[in-house]
Structure formats: structure tokens, C-alpha cells
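# Chain and residue survey
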Amino acid sequence: MSIRIKIIAIVIGSVLALCLLIALLSNVFIMRSYEQLERSYALQNAERVQAAIDDRLRTLEYTVHDWSSWTDTYDFLGGKNPDYVSDNLMDSAFISLRINLIALFDVAGTEVYAKYVDAKTGMEIPVPGQFSSVIAPLLPALLTSRGTMARTGLVLLPGSVMMVAARPVLTSNESGPAKGVMVMAISFDSAELQRFGDMTRLPLGMQRIDDPALPPEFRAVFAHFAAGTDFAARVIDGQHIAGYARVADIFGRPALVIRAQSARDIRANGLRTVWYFIMALVALSAIMGLLLWLLLERIFVRRLEHLCADAALISSHGGASDHVLVSGNDELSRVSKSINEMLDTLRHNQARLQQAQLYEAQGKLAGGTAHEFNNILAIMLGSLELVLDSLSEDNPERPRLEQARRAGERGKTIVRQILEFSRASRQKQVSLSLSDIVPRALDMVAALFTDDVRLVRRIEPKTGAVLANSTQMEQVVINLCKNALEAIGDHGGEVEVDLDDASGDQCKDRFPDVATGPYVLLRVRDTGSGIVPSDLNQIFDPFFTTKKIGQGIGLGLSVVQGIVQQHHGLIHVSSEPGAGTTFELLLPVIRAASVQACNETESGSSRQATRVLLVGDVIPPDGVQLEALLALGHDVATAVNGAEALRYCANADWRHASIFVDGSLTGQDVLALCGTMHILSPDASIVLCVGEHHSISAKALEAAGIVLTVKRPLTIRELLAGIDRSYGPNGSVS
Amino acid sequence: MASVLVIEDDPDYRILLKDALESAGFDVMTAVNGSDGVDTMARGACAVVITDMLMPEKEGFETILELKRLKTDVQIVAISGGGRSGRGEDLLRHAKVFGAHYTMAKPIVLKDLVALVRGLMPA
């Protein structure tokens, strides 16, 4: 999955999640507060109903007060006003007072008068039974209260509910003692309820608590009435909520539950609000998400894509100077820069490796064919020699044959140069001072200096010790001097050879890669024709020459460079066409401790004697091979089987032995044996002698410590080559 | 007449050496390789042997040592054009250790070889 898709997924995912979370939370919190609001409104409605009922009761009480504190009523109860009823308590009075019942009780609590008028018809109907008996408990207190007390409240009768107000009957002056109690009542029926509903603008419902067939709704509501409050609110369904008021009767006992229902507008409003909010949230989130994605795309994804594409292009078919694009100033640009640096380094190393491989291949080719050419030249030159000997001095064929011979001689020189160039790199190096070598080499070339060329020597007598091969060093001096002489040509001039100690820091201008430390500097300067700048890059290349055909094949300087590299040194050339050329060589000075080791090695390697262990049948028992090894001073031991061989390996003296193992040793896993020998003597070199073909992989050979495989039977030459392997490149025993 | 044994696997060069030495008056026997050379020596000893170093069947080192076994005072001249494993000089250096008195690197000047053989012949 690409990064772009990942980023898109992350952006969308997080925006969605955020949206969802906010929506959820807001839903919960907003709706909760709205629902609390509607609850409190429902409760308020219930309270409002209660207040309405209370208000009605109060009005009733005022009415009763009017009539009970009236001398006419007082006298009636005193037995003195017989026309009281007909004068005052006609049906129309009930209707105008808006009450249904008037009752009068005497001081004994006996009902003296009671009349009930039906509000609908306006006509008298019988008083509900048990009215008096239900009211009776109130009377005593009223009678003895001396006129100050009134009792109002609800009264539950078997078939109806009455709003009741009762007062002691007194004179118009409010003086007593009370002659009785007057009670007025309103029937709390559905019409009355409706009136309450109209007043409070709420649809109301009423339920007697003592109703045996209590609907389940109300039973559930009763559970809601917390101790101390007479109001509750309850959600009925999605559209309706109700507030409930528990109304007590005149005795204080719970009598009724009034339900005030209302529509859940508030909640609907809340839902709408939340919905709009969520829509806005989603829209904004989408926009923000888009912006976020665009930003990320621009800052990261696109650049990453470019980098990816560039890198893929370079890796599949990039040219030698392709780089990835670097943009911006952050980690991405740093990665791009690093990639470019890596590319450059890799390409540089690759070029050097290719060049090294090319040289190696050229060398191998040259070396392999050189000896063939020696044989060919031997035949040709030998034949020419004999023919020329048989011809007289004035024979006309002589000149042509002489020409052929000269050509052959030239070929001989060239083959020698090629062999020098392709020489095996493992030339033994010892600790020496170039101050001893350079003068000797200069003496060798002194003969080539004609009178008009001056050789100037500035050799510091005791320069620092370097690890070098004396013959190769002589070769270097000789080749450089020969080049100098050729550059000077016939014009006369000067060749100056300097040898002195130097420090790496001093030479950094010409050798930028040089490490700090002591070196020995060899300088060969000529006043010859110089080298043109375009040729300077190539002068160390093998077979590069500016000489004409027949004057040299251009190996001299590449030989010099090869030798300098094997000595871990550096070479530098500077030239001015027409003025001259200077070659400078730096060789690292070796430290005292390694000097000691080298000197020991020198004495050891000059003996070139090794311990040689022959395991199994590697040489014919009566052959001359053993004689040859002994003649060279080697210490030879033979082992007939693996066990004997291992005993030698365990011996510290045989640490650096050359071991030749017969691959067909019977009853032996030869590879395992070699591996064990390698572990016991890691510095010994193991040569495996095999039959016609062997199918052991190179990895297996390496793992067993085998450095060489040779076909049986071994020749002396092969034995010597195998022994030679145990010497490392510096002549030290490896 | 004293005999010279030429051991050389290259036929053209073998004939060349034979002609050069016979022209100088020597009685020359030839062998095509080291084994042939040792057998020829066993049948009739020669005073001087000229041998190449790289040959099939039996190489130069072995040939020199075995010749020395057959006739301890045989005078051996080793010649070589070099080989894959080293320059001629390296092979010739070892040849001297094994008993070759003189070594020459190919291509050799025939006159020099003739002079050398003359000098090695017993008086």
C-alpha cells in the first residue's frame, strides 16, 4: 500500500473518528440537557396544575367564608331563620356560585341541610351518600376553633371526588360561638378537570389512587414519587412527556394523581439542533480533511514519490551522472543528498574496481601469452641466427634477415616488459631504507646518461625505514629515469633525483588523500618536453604511450604505479609542457615494532625454508620430489593418515606449515580432516591433491581452509608453488 | 665424440637446437620430454644435457633430479620461456638448486649456448 493511500486513509480515518466522537458526545450532552429541560417543564406543569387546584380551593374557601360568617346562616342554624334555605339556597345560587354542594351541620355534627345541584343540568340531584360521614371527622375541630379555622381540600367519595371547603358558622361580625359548620363542595369531575386544563393550557388526566383498576402507567408513576415531593415527570413516548402531581385529600392522605401531558417540543428542538450541528461538523471536517490531505500531499507525498521514482529510474537504467532531485530543507532533502552521495561513492568505487579488474585481466592475459611468445621468439631468433651464420658477409639476403632479427629482439624486449607488468603481486617486502636502494639504481642507469644530460642526486643518507621490495624499488627508479631521459631527448637537460623524509601534512597539496604520519619522498624531476594536460590523466594507464610505433609500448609508468600501490604508497605527477615533468612518490615509514618483526621475517624468508607436511600419497615414494624439497632446505614430514596429520598440526612448531593432503585418503572424510587441521593450525596453508575431477564447491574448500587444489601426482613445481602460498604479500609468514 | 642430450617438447625448437649443436661438431641426442629424456640417458649417458623446464609427462625439476641420480656429474643446462605460474627466472632459480649448472632464458642466443656446451664438455 503506497504512502499516499496510507495518508489518505489516516486523514479520512481520523477525521471520521473525530466527527463521530464529537457527534456522539454532543448528542449525549446536548440531549441530556434538553431532556432535563423538558423534565423540569413537565414538573412545572404538574406544579401549575396543583396551583390551579389550590387556587380553586381558595376561591371556594372565600365563598364559604362569605356565607358562613353571616348572621342569616347563624340564625338558621340557631333555628330562627326558617326561610333561609328558600331565600338563599335555590338552584340558581349554586350555579352562580359555581358550586355543586352546600351542607350545613349543627354543633352536634348532625347534618341539618344538604343540597347538590348538578352543574350540567342545573337541577338538584341527591347528595352523594356517605358525604356526611366522610366530612364528619373534620367537624369537631372546626366547631371548637372559634371561627378562625377553615378546612379545604379534596374528599374522595365512592363515586366522585369533591373539592371541599368547610368553615364554622358565625355571625357577620365573626363572633360566635359557632352554631355549626358550613360546607361547600365542587364536584371534581371531568368537566372541572377540563376547566383546569383550559386554564393551564394542558391536556390533563386524573386518577384516583384508591382505584382498584389502577392502570399500569400510574403504578409506574407512583414509584417515581420520591419521598417528600408530590411531583414527578415521566416520558410517555417519543412525542409525549407528562408531569404528575400527587394531590392529597383534606385529611392529608394521597388521593389523586393528576397528569399533565405535553408534547416533547423541546426535545424535538434539541434533536434538530444536534442534527444541524453534526451536519456542519461533517461538512467542516470534510473540508479540513481535504485541506490537510492537500498539504500533506504537497509537502511529503509528492516529494517522496519523486524521490522514489528517481531512485527507481537510476537503479534500473541510470546514467553515470544521474542524481535524485533534492528539494526543500528537511529530512527528505537530507535523504536525497545522502542517496546522491552514496551513488557518487558507489560509482567511484565501481570505476576503480573496474579499472583494477581490467588491469588484472590485462596482466593475466599478458602473463599467460608472454611465455608462449618467448618460445616462439626462441624458434624465430634461433633460426635467424643459424641462417645468418651460414651466409657470407656480402650476401644480399643478409640485410633483410638482419632486419628480421632486430624485430625479434624488439619483441623479446616487449615480452619482458609485459611479464614485468603482469608479475604476481606477492613480491616479498622487507624493511629497508631507500637511501640504500636509490643510489644503486641510479648507478644502473648512469650508463644511459649522455654527456649533455646532467644527473643531480640529492639523496638524504638515512631516510626512514619502509617496507619494500628492493628489486621493485630499483625498477621504479630505473623506469622513472628512463622516462626522464626520453622526455629530454636530444636537447640536453637535467634529471634531478631527490630522496628525503617528509610528513603527510606537508604533502597534502599534492596528495590530498594522504594520512598524517611520517613518509619518505622520492622525487624525479626532468627538464624535458613535459606532458600535455590532456595526457596527464592517462599516463599511468597500461599501453598508453605518446611514443611513436617501435619505440616502446607504454608499460613503464603503469609498472611504476602498480609497484607503488603494492607498497601502499602514493604517486603524483605534475608537468609543464616545454619546461619539464616531476614525479613524486610517497612511501609510508614503518614503525619500530614492525621493523623488528620485518627483520625477523627477512632472515626467515631469505632462508625460505618451511615445514612441509605430506599427508597420504601425494608424491611417489621413490620419486625425486622429496629430494628436491630437502635440497631446498625444507623440513619435510609425512603422515599416513589423518590422526598422524593432526598430531603434527597440534604441535606449535608446525603452525606455519605447508600441508599437502591426498584427497583419496581411505577411510577418511578428507574435507573434515582439512577443516580440523585448519582449526588447529590456522596459519598453515592446506593444499588438496585430487584426482581427475573434483566436485567440491569453492565454499566448502574455503571453509575447510584449503587454499589450492592440485591434480595428482604433484610435480616439484606444484609443490614449490604450494609452499610459496604460505608466504603473504609482505614476505611475512601468513 | 661426446654427447649432448637435448630435451625439448617443442619440435621446431628441438630441431633448431640439434642443428646448432651438430653444426658445432657435437653428437646430439634428442628427447621429446622429461620421461623420454631420462630413458635416453639411462640407455647411454651423455655428458651435457640441455633441458626445457615445462614439459608434459615429466617436468624440468623432476628431470634434472633424476638425471643427476643416473649420472652424478652430468652437466645440466636449464632453459625456459617462463610459465603461467611465474617468470622463467623463477623456475631457473630453483633449477640451479636442484643441480642445473647453468640457466638460460628463452629466447637464447644459440652462439652463447654452443660456447657454454663447449665449456662444459669434459676435456
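Residues numbered from 1 in each chain as written. Chains lettered and ligands numbered in written order. Predicted model: local features only at pLDDT ≥ 70, side-chain atom pairs only at ≥ 80, totals over all residues.

## As for the interface of chain B and chain A
We count it as follows: Our contact criterion uses C-beta atoms placed from the backbone: two residues qualify when those atoms are within 7 Å. What counts as a helix is a DSSP run of H or I of at least four residues, what counts as a strand is a run of E of at least two, and both are numbered from the N terminus.
Of the residues lining the interface, 27 residues belong to chain B; the matching set on chain A comes to 25 residues. When residues of the side of chain B that touches chain A are traced back to their parent elements, those giving at least two are helix H1 (11-23), helix H3 (60-70), helix H4 (88-98) and helix H5 (110-120) of chain B. The leading source of residues in the side of chain B that touches chain A is H1 of chain B, at 5 residues.

## Describing the packing of helix H1 (residues 3-68) of chain A against helix H9 (residues 265-317) of chain A
All names here are of chain A. The criterion, for reference: Orientation is described by lines fitted to C-alpha atoms, with helices fitted over the stretch in contact, and by angles between N-to-C directions that extend from 0 to 180 degrees. Here the angle decides the label: under 35 degrees means roughly parallel, over 145 means roughly antiparallel, 65 to 115 means roughly perpendicular, and every other value means oblique. Handedness of a helix crossing follows the sense of rotation of the near helix relative to the far helix, less than a right angle counterclockwise being left-handed and clockwise being right-handed.
Between H1 and H9, the least distance of the axes is 9 Å, while the angle of their chain directions is 165 degrees. Classed by the angle they form, the pair H1 and H9 counts as roughly antiparallel. Like other packed secondary-structure pairs, H1 and H9 cross with a definite hand, here right-handed.

## Focus on the packing of H1 of chain A against helix H7 (residues 190-200) of chain A
All names here are of chain A. Quick reminder of the rule: When residues are grouped by polarity, Ala, Val, Leu, Ile, Met, Phe, Trp, Tyr, Cys and Pro land in nonpolar, Asp, Glu, Lys and Arg in charged, and all others, Gly among them, in polar.
At a closest axis distance of 10 Å, the pairing of H1 and H7 adopts a crossing angle of 120 degrees. Regarding the angle of H1 to H7, the classification is oblique. Once H1 is placed against H7, the crossing between them reads as right-handed. Facing H1, whose interface residues are Arg48, Val49, Ala52 and Ile53, H7 presents Phe196, Met199 and Thr200. Class assignment for the residues of the contact of H1 with H7 results in 5 nonpolar, 1 polar and 1 charged.

## Remarks on the sheet that holds strand S5 (residues 102-105) of chain B
Residue and element names in this part refer to chain B. Note the cut-off: Pairing between strands is defined by DSSP: at least two bridges between them are needed.
Spatial strand order, S2-S1-S3-S4-S5: 5 strands in an open sheet with parallel pairing. At either margin of the open sheet sits one strand with a lone partner, and together these are strand S2 (27-31) and S5. Averaged over all pairs of adjacent strands, the angle between their axes in this sheet comes to 20 degrees, without regard to strand direction. Bridge analysis of strand S1 (residues 3-7) against S2 gives 5 bridges, and the strand direction is parallel. Bridged to Ser3 within S2 is Asp27. Lying over the sheet, H1 contacts S1, S2 and strand S3 (48-52), oriented at roughly 170 degrees with respect to S2.

## Structural notes on the nonpolar core
So the rule is basically this: Each nonpolar core consists of buried Ala, Val, Leu, Ile, Met, Phe, Trp, Tyr and Cys residues. Their C-beta atoms, within 7 Å, join them into a set. A residue is called partly exposed when the number of other C-beta atoms within 10 Å of its own lies between 12 and 20, exposed at 12 or fewer, and buried at 20 or more, with C-beta atoms placed from the backbone.
The biggest cluster of nonpolar side chains holds 131 residues, and the ones touching the most others in it are Leu613, Ile659 and Val661 of chain A together with Val4 of chain B. In terms of residues, this core owes the most to one element, helix H10 (residues 331-390) of chain A, which gives 10 residues. Once you skip the residues sitting within four places of it in the chain, Leu613 of chain A turns out to touch Ala637, Ala639, Ala645, Tyr648, Trp654, Ala657 and Ile659 of chain A. Judged by nonpolar contacts, the second largest core, of 62 residues, contains Ala42, Ala165, Leu170 and Ala178 of chain A.

## Quick notes on H1 of chain B
An α-helical turn contains 3.6 residues, so a residue and the one three or four places further along point in the same direction. All names here are of chain B. Which entries qualify depends on this criterion: One fewer than the residue count of a helix, multiplied by 1.5 Å, yields its expected span. Our arc is simply the arc of the directions from the helix axis toward the C-beta atoms.
The end-to-end C-alpha distance of H1 is 18 Å, a good match for the 18 Å that 13 residues give at a rise of 1.5 Å each. Listed as buried for H1 are Tyr13, Arg14, Leu16, Leu17, Ala20 and Leu21. Angularly, the buried residues of H1 cover 160 degrees about the axis, an arc narrow enough to put them on a single face. In H1, the exposed positions that point more than 90 degrees away from the buried face belong to Pro11 and Glu22.

Keep in mind that these numbers describe shape and distance, not what the molecule does.
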